[in-house]
Amino acid sequence: MSGILTVVDAHKRFGGIHAVRGVSLALNSGELLGLFGPNGAGKTTLFNMIAGLYPPTSGRIELASRDVTREPAFRRARAGIGRTFQVCRPFRGLTVAENVLAAIPPGSGVGDDRARAREILDAVGLLPKAEDAAGSLTLGMLKRLEVARALALEPKLLLLDEPLAGLTASETSDLLGFIQGLKARASIILVDHNVRQSLGVCDRAIVMDAGAVIASGSPDTIRRDPGVRRAYLGESAA
Ligand SMILES: Nc1ncnc2c1ncn2[C@@H]1O[C@H](COP(=O)(O)OP(=O)(O)O)[C@@H](O)[C@H]1O
Ligand SMILES: [Mg+2]
């Protein structure tokens with residue numbers, strides 16, 4: 001397996017807040033890594049450092065063995081980092097297809113881009129909605145549209161920030177199955193605040209609390225971890 005992403009001892013401080021405290025991780029191609037932790041744990045800040053929105057206070061970020069720590073977000077996006085945001089922000093007045101078209105980098109010609117948009121919409125199951133206004137989609141469909149827009153960049157690495165938040169139980173299991181299928185296209189880091197909900201589709205996982213990693217490993221390792229069991233799996237302290 002080859003390494004897609006390596007984060008080495010990343011820290012982020014915002015003034016007096018030490019939001020990320022020495023996080024290291026490595027992601028191989030085709031892997032789906034779960035990133036769990038309560039609100040304020042530092043998950044989004046870690047994503048922002050990986051995607052290049054915030055420079056780390058210290059530490060190193062490598063994409064496919066290339067040090068991108070000092071590279072701006074647009075260059076990392078071109079190098080293959082795609083992401084979704086915690087809050088969906090499609091162009092609500094545009095159609096679903098137009099939203100995906102707008103996310104495709106300028107390329108080989110209008111005809112090709114339209115075919116490519118339809119191929120992506122097919123992959124996320126939104127082709128029947130291609131000509132509908134994005135504003136008319138359900139939340140579950142909007143989340144898929146966000147993923148479609150991220151896929152338009154043909155990312156090697158896809159960062160999904162709480163894509164399950166606000167979904168019904170059936171939308172959640174639907175989207176989790178879909179995310180698992182995306183592994184054929186990209187390596188994925190999936191952020192959720194609910195370990196129980198998404199651990200089942202992950203190859204490995206990391207649990208953060210107050211900026212630091214408190215557990216990492218296979219789904220079984222995470223399930224057996226005493227700290228994780230106390231904090232997230234509903235077991236009282238012994
Ligand atoms: N741009 C920012 N400026 C100041 N503090 C921030 C900023 N972004 C995040 N934080 C703080 O960093 C900590 C981690 O936040 P965040 O990464 O959003 O956590 P999570 O995504 O796990 O809920 C929180 O205390 C948050 O208030
Ligand atoms: Mg967050």
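Source: prediction; values computed, not measured.

> Provide a residue-level description of the packing of helix 3 (residues 96-103) against helix 5 (residues 139-151), including the pertinent values.
When two helices pack together, their arrangement is given by the angle between their axes and by how far apart the axes lie. Where helix 3 meets helix 5, the closest approach of the two axes is 8 Å, and the angle between their N-to-C directions is 30°. Between helix 3 and helix 5, the crossing angle belongs to the class labelled roughly parallel. Crossing angle aside, the handedness with which helix 3 passes helix 5 is right-handed. Counted together, Val96, Asn99, Val100, Ala102 and Ala103 of helix 3 and Leu145, Ala148 and Arg149 of helix 5 form the full contact between these two elements. Each residue belonging to the contact of helix 3 with helix 5 can be placed in one class, and the counts come to six nonpolar, one polar and one charged.

> Give a description of the sheet that holds strand 10 (residues 212-217) that names residues and reports values.
Sheet architecture is open: six strands sit in the order 6-7-8-3-9-10, paired in mixed fashion. The open sheet terminates on both sides in strands that have one partner only, identified here as strand 6 (81-83) and strand 10. This sheet shows a mean twist of 20° between the axes of neighbouring strands, independent of strand direction. Note: strand 9 (residues 204-209) against strand 10, five bridges, orientation antiparallel. Each residue of the ladder has a partner; that of Ile206, found in strand 10, is Ser216. Across the face of the sheet, helix 1 (residues 43-51) comes into contact with strand 3 (32-36), strand 6, strand 7 (157-161), strand 8 (187-192) and strand 9 while running at roughly 150° to strand 7. Seen against the sheet, helix 6 (residues 169-181) touches strand 3, strand 7 and strand 8 and runs at an angle of roughly 155° to strand 8.

> Which residues make up the packing of helix 5 against helix 6, and what are the values?
The interhelical angle for the contact between helix 5 and helix 6, taken along N-to-C directions, is 20°, at an axis separation of 10 Å. One finds that helix 5 runs roughly parallel with respect to helix 6. Along this stretch, helix 5 crosses helix 6, giving a crossing that reads as right-handed. Side by side, helix 5 and helix 6 meet where Gly140, Lys143, Arg144 and Val147 of the first sit next to Glu171, Asp174, Leu175 and Phe178 of the second. Looking at the contact of helix 5 with helix 6 residue by residue, the class counts come to three nonpolar, one polar and four charged.

Criteria and cut-off values
- Residues numbered from 1 in each chain as written.
- Chains lettered and ligands numbered in written order.
- Predicted model: local features only at pLDDT ≥ 70, side-chain atom pairs only at ≥ 80, totals over all residues.
- Heavy atoms only, no water.
- Axes fitted to C-alpha atoms, helices over the stretch in contact; angles between N-to-C directions.
- Helix = DSSP H or I, 4+ residues; strand = E, 2+ residues; numbered from the N terminus.
- Parallel < 35°, antiparallel > 145°, perpendicular 65-115°, else oblique.
- Left-handed = near helix turned anticlockwise from the far one by under 90°.
- Contact = heavy atoms within 4.5 Å.
- Nonpolar A, V, L, I, M, F, W, Y, C, P; charged D, E, K, R; others polar.
- Pairing = 2+ DSSP bridges.

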